[in-house]
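Chain by chain, the residues run as shown.
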Amino acid sequence: MRDRYRNGLAVVDASLDVFRARPGLAILPLLSLIAVGSAYAAVGVAILHYGLLGAVFTNDLVRYGAMFAGLAISSSVGVFFNAAVVHCASRQFDGKETSARDGLAAAWDARREIAKWSLVSATIGTLLYVAEDNAPGVGTLTRSILNLGWGLLTFFVVPVIVTDRTGSLRSELRKSGDAFARTWGESITAAFGIGLALFPVTLAGICMLVVAYVSATGLTAYGLGALGGLLVVATLVVTQVLGMIVRTALYRYATDGECVGPLAELDPEEVFVDD
């Protein structure tokens with residue numbers, strides 16, 4: 001088990017080289033953040049305009065409806081731009097030219113699958129919150145465990161949507177679950193490893209924001225705030241790109257036995273060990 005975790009970190013390190021070769025992919029998660037933020041802002045304005053703010057906190061139907069809308073927006077936009085990254089990563093793994101525009105076009109071609117998946121994901125997320133509020137014995141811990149299980153089961157859903165295009169939600173779940181079962185140690189370690197590798201930069205950005213808000217004044221406050229915000233956004237963007245690169249490579253290995261991208265320079269007999 002220890003070998004799985006150590007090897008997962010090696011995969012993360014190698015994925016950085018892939019990102020350096022195609023830094024333009026960073027525009028995709030950046031656009032995702034902008035799109036989600038804009039959509040949330042539009043929903044917030046609509047809630048204020050129609051006087052629904054009080055109902056969000058007092059009316060269960062409105063509250064759960066707003067929750068479903070928020071989850072659907074974040075899921076659909078996130079999956080769309082992640083699908084674009086996966087497409088670009090796959091083409092780069094195969095030695096083909098690619099661009100962010102190519103990725104967006106591929107994600108648009110898969111828009112129906114993305115929309116279906118996002119609605120399912122938002123529905124399940126909302127139902128878990130409803131169960132926590134209304135079903136005896138279902139608390140925050142239970143919901144967190146169920147969310148974790150769902151997250152692991154769907155770990156490879158985006159690569160499945162982009163590369164397989166089965167059109168069947170059941171088939172997509174099965175393929176994602178099978179791929180995760182094949183590479184669970186490397187997948188979990190890679191996911192945590194990316195966050196840990198970039199945590200110092202994120203922490204520095206947060207500290208700058210805190211200092212700018214609490215003690216700095218004038219141009220110093222604006223400068224620290226801008227730099228801190230830039231660091232936080234940058235780490236979010238890079239984390240998203242690296243995560244999709246690693247998932248794409250691991251999915252290719254789990255399904256076809258190919259060592260591509262961040263796996264290409266590693267010995268598969270050492271990276272993937274059976275317990």
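Residues numbered from 1 in each chain as written. Predicted model: local features only at pLDDT ≥ 70, side-chain atom pairs only at ≥ 80, totals over all residues. Heavy atoms only, no water.

J.: For this particular structure, what's the right way to read the overall build of the chain?
T.: For the chain, the count of helices and strands is twelve helices and zero strands. Ordered by position in the sequence, the α and β elements of the chain form the string α-α-α-α-α-α-α-α-α-α-α-α. The C-alpha atoms of the chain give a radius of gyration of 20 Å, which matches the 19 Å a tight globule of 275 residues would have. Residues classed as buried in the chain amount to 38% of the 275 residues present. Taking as baseline every contact in the chain between residues at least 6 positions apart, the subset at least 24 positions apart corresponds to 73%. (Helix = DSSP H or I, 4+ residues; strand = E, 2+ residues; numbered from the N terminus. Rg over C-alpha atoms; globule rule 2.2 N^0.38 Å. Buried < 20%, exposed > 50% of the residue type's maximum accessible area, 1.4 Å probe, protein only. Contact = heavy atoms within 4.5 Å.)

J.: Honestly, the layout of surface pockets in this entry has me stumped. Any pointers?
T.: Empty pockets left among the atoms are what a rolling probe the size of a water molecule brings to light. What the largest pocket holds in volume is close to 1,000 Å³. Lining of the largest pocket is provided by 39 residues; of these, N82, G151, T154, Q240 and R247 occupy positions nearest its centre. Top element by residues in the lining of the largest pocket is helix α11 (residues 218-256). It accounts for eight residues. (1 Å grid on protein atoms, 1.4 Å probe; cavity = no way out; pocket = protein on both sides within 12 Å on 5 of 7 lines; lining within 4 Å. Points joined across faces, edges and corners; volume = space filled by probe spheres on them.)

J.: What's the story with the packing of helix α2 (residues 27-49) against α11 in this structure? I'm lost.
T.: Geometry of a packed helix pair, given as the angle between the helix axes and the separation of the axes. Across the interface, α2 lies against α11 with an axial gap of 8 Å and an inter-helix angle of 120 degrees. On the basis of the axis angle, α2 is oblique to α11. Classified by chirality, the crossing of α11 by α2 is right-handed. On α11, the residues that touch P29, L30 and L33 of α2 are V233, L236, V237, Q240 and V241. Taken together, the residues of the contact of α2 with α11 sort by class into seven nonpolar, one polar and no charged. (Axes fitted to C-alpha atoms, helices over the stretch in contact; angles between N-to-C directions. Parallel < 35°, antiparallel > 145°, perpendicular 65-115°, else oblique. Left-handed = near helix turned anticlockwise from the far one by under 90°. Nonpolar A, V, L, I, M, F, W, Y, C, P; charged D, E, K, R; others polar.)

J.: Where do I start with the pattern of salt bridges in this structure?
T.: Close approach of charged atoms allows side chains with opposite charge to pair. The final tally for this structure, using the stated rule, is seven salt bridges. Three or more residues joined by partner-sharing salt bridges are found here, namely D60, R63 and D133. (Salt bridge = Lys/Arg side-chain N within 4 Å of Asp/Glu carboxyl O.)

J.: Explain the environment of S76 to me, please; I cannot follow it from the model alone.
T.: Tracing the backbone shows S76 in helix α4 (residues 60-93). A relative accessible area of 25% means that S76 is categorised as partly exposed. Placed 176 residues apart in sequence, S76 and R252 show a C-alpha to C-alpha distance of 24 Å.

J.: Explain the packing of α4 against helix α6 (residues 111-134) to me, please; I cannot follow it from the model alone.
T.: Viewed as axis vectors pointing N to C, α4 and α6 meet at an angle of 145 degrees, and their least axial separation amounts to 8 Å. Crossing of α4 against α6: the hand is right-handed. Within the contact of α4 with α6, the residues separate by chemical class into 14 nonpolar, eight polar and two charged.

J.: Hey, could you run me through the UniProt feature "transmembrane region" (unreviewed entry) in the chain in this one?
T.: The UniProt entry lists residues 25-52, 64-86, 114-131, 143-162, 183-216 and 222-246 under the feature "transmembrane region" (unreviewed entry), expressed in the numbering used here. Secondary structure within residues 222-246 divides into 100% helix and 0% strand; the distance between the first and last C-alpha atoms comes to 36 Å. (UniProt positions renumbered as here; feature names shortened; annotations may be inferred.)

J.: Help me out: how do you make sense of the side chain of S75 in this one?
T.: Inspection of the secondary structure puts S75 in helix α4. Judged by relative accessible area, which is 14%, S75 ranks as buried. Not counting chain neighbours up to four residues away, the residues in contact with S75 comprise S118 and S121.

J.: Would you mind showing me how to read the packing of aromatic side chains here?
T.: Note on aromatic pairs: each is described by the distance of the centres and the angle between the planes. Per the stated rule, a full pass over the model turns up five aromatic pairs. Ring centres 5.3 Å apart and planes at 85 degrees place the aromatic pair F80 and F81 in the edge-to-face group. The exposure class assigned to F81 is buried, which follows from its relative accessible area of 11%. Each ring, one from F155 and one from F180, has its centre 5.8 Å from the other, and the planes form 55 degrees; the classification is tilted. Of the two residues, F155 is situated in the loop between α7 (140-153) and α8 (157-163) and F180 in helix α9 (residues 169-182); the sequence distance between them amounts to 25 residues. Side by side, F155 and F180 carry an identical accessibility label, which is buried. Feature note: the residues F155, F156, F180 and Y251 constitute an aromatic cluster, connected by ring pairs. (Phe/Tyr/Trp six-rings, centres within 6.5 Å; stacked < 30°, edge-to-face > 60°.)

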